[in-house]
2 protein chains.
Amino acid sequence: MIPTTITAFCQRQNLEITPIRKVILDHLWQNHTPIKAYDLIEVLRLKAIGSPKPATVYRSIDFLERQGLVHKVHALNAYIPCHHPGQHTACQLLICDNCNDAKEFCDDDLASLIPLKLAKIGFQPRASVLEVFGTCQQCTEAKTS
Amino acid sequence: MIPTTITAFCQRQNLEITPIRKVILDHLWQNHTPIKAYDLIEVLRLKAIGSPKPATVYRSIDFLERQGLVHKVHALNAYIPCHHPGQHTACQLLICDNCNDAKEFCDDDLASLIPLKLAKIGFQPRASVLEVFGTCQQCTEAKTS
DNA sequence: TGGCAAAAGCTATTTTGTATCAGAAGTGTC
DNA sequence: GACACTTCTGATACAAAATAGCTTTTGCCA
Ligand SMILES: [Zn+2]
Ligand SMILES: [Zn+2]
Ligand SMILES: [Zn+2]
Ligand SMILES: [Zn+2]
C-alpha cells in the first residue's frame, strides 16, 4: 500500500523501517482520513505485532515525523502520511468539516510566500503548518446535487 | 490589561463578559506566551473566582473562541488573545522555538492567496490556521550579539 | 566476549478535554 | 407573581491523548 516513491525514499535515506513502523505507515497509506494514535495501537494489536502500548505507537510516530514521512493534523490529533517526504518544510493541509478527510495541498507559491513575508519582520522560519478547514469538492458536489 | 479596542469590540457585539471570562481574557492579554487551559484553572483558583473545574475554563475558552477573541495554538495546546477580533478567518501565528512567544501575524496577501489557490481545486475554505515555528527577531539578535 | 546504541516492552502517571445533570440568574409574558 | 425560556455556572465523573522512567532485547562492532 505504501507507494514506491516512499519506499524508495526510505531506502535512499537508509531508514530502519521496523515491523511496527511498517504497519503504521501502511495503515496510514491505506486510509483517506487522518488516523488517531490509539487507533494505531488497535491496529498493531489486531495484527499481533509486538505488545502495543501508547508509547509504542508514539515512538513510531515520532520517528516517522522526524523523517518527514508523516504529518500530524494538530486540529484533529491525528496523523496522515506525507506525499512528498523530504521536499517541504511548509505543510499545507485541507480538512473537510463534513467528511473529515485531510489532504495535503502543496502549493509552491504559498510555501514560498511565507518565508518571504516573514523575512521582512525578522522572523526566521524553521517549519510551518497550515490547516485549512472547509468543505471538500466531493462534499460540495454531494450537497448541491 | 485588555486593550480598549477589544473592550470596545465586546460592547459593539453585546458580548456578555462575565467575571470568569474577564479573568481569562485579562490573563491572556497579560502574557506574551500562549497559556494552557489548566493554567487558567489555576489562575481562577488563585483569584477565588467561582469553583474552577476543567469544564469551567473550557466553556469560557469556547465562548471566547467563537467570538473570535481568542485563538488556540494547536501545536502547543494553548491559547492566545486575538488582536483583531472579527476581522479575519485566516489566523497566522509565529511561534518562537526559543522563547515560546507567539505573535499574531496578519498578512493580507497571504490571507487572500489561500482561498484563491483553493478555489482552483474546489475546496471551500471556512477558516484556516497557519502556525509558523522558528526564531523571533529578539532571539535572533540575542544569539548573534 | 564485552560494550554500545537503537528499538521495543512495561507500568504508571500526567495532561488535555467531554459528558451529563442540576442549580442559579436574568428576561419577557401573561 | 407564576410561567416558560435562555444563558451561565457548579459538580461529578469520565474519556482521550501523551509522556516518564526503567528494563529488556537485539544487532553491531571492537
Ligand atoms: Zn508532506
Ligand atoms: Zn468532504
Ligand atoms: Zn486573530
Ligand atoms: Zn523568541
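None of the values given here were measured: they were computed from a predicted structure.

Which parts of the structure should I look at to understand the environment of Lys103 of chain B?
Residues and elements named next belong to chain B. Its place among the elements puts Lys103 in strand β4 (residues 102–104). The spacing of Lys103 and Leu46 is 57 residues in sequence and 27 Å in space, taken between C-alpha atoms. Those residues in contact with Lys103 that sit more than four places away from it in its chain are Gln92, Leu93, Leu94 and Gln138. Only 3.0 Å separates the side chain of Lys103 from the side chain of Asp101, close enough to count as a polar contact.

What is the right way to look at the protein's contact with DNA strand D in this model?
For DNA strand D, the set of nearby residues contains 17 residues, the closest of which are Lys36, Tyr38 and Lys72 of chain A together with Thr18 and Ser51 of chain B. The sugar-phosphate backbone supplies 58% of the atoms of DNA strand D found within 4 Å of the protein. Here a phosphate oxygen of DNA strand D and a side-chain polar atom of Lys36 of chain A are 2.7 Å apart. Between a phosphate oxygen of DNA strand D and a side-chain N or O atom of Arg21 of chain B, the distance comes to 3.0 Å. Put simply, the parts of the chain that give the surface near DNA strand D at least two residues each are α4 (54–66) of chain A together with α2 (19–30) and α4 (54–66) of chain B.

Just to check I follow, could you spell out the side chain of Lys117 of chain A for this structure?
Checked against the element boundaries, Lys117 of chain A lands in helix α5 (residues 108–119). According to the relative accessible area criterion, Lys117 of chain A is buried, its value standing at 13%. Contacts of Lys117 of chain A, omitting those with residues within four sequence positions, involve Phe105, Asp107 and Asp109 of chain B.

Reading the values: rules and limits
Residues numbered from 1 in each chain as written. Chains lettered and ligands numbered in written order. Predicted model: local features only at pLDDT ≥ 70, side-chain atom pairs only at ≥ 80, totals over all residues. Heavy atoms only, no water. Helix = DSSP H or I, 4+ residues; strand = E, 2+ residues; numbered from the N terminus. Contact = heavy atoms within 4.5 Å. Polar contact = N/O pair within 3.5 Å; in protein donor to acceptor, adjacent residues only side chain to side chain. Near = heavy atom within 4 Å. Buried < 20%, exposed > 50% of the residue type's maximum accessible area, 1.4 Å probe, protein only.

Any functional reading would require information that these geometric values do not contain.
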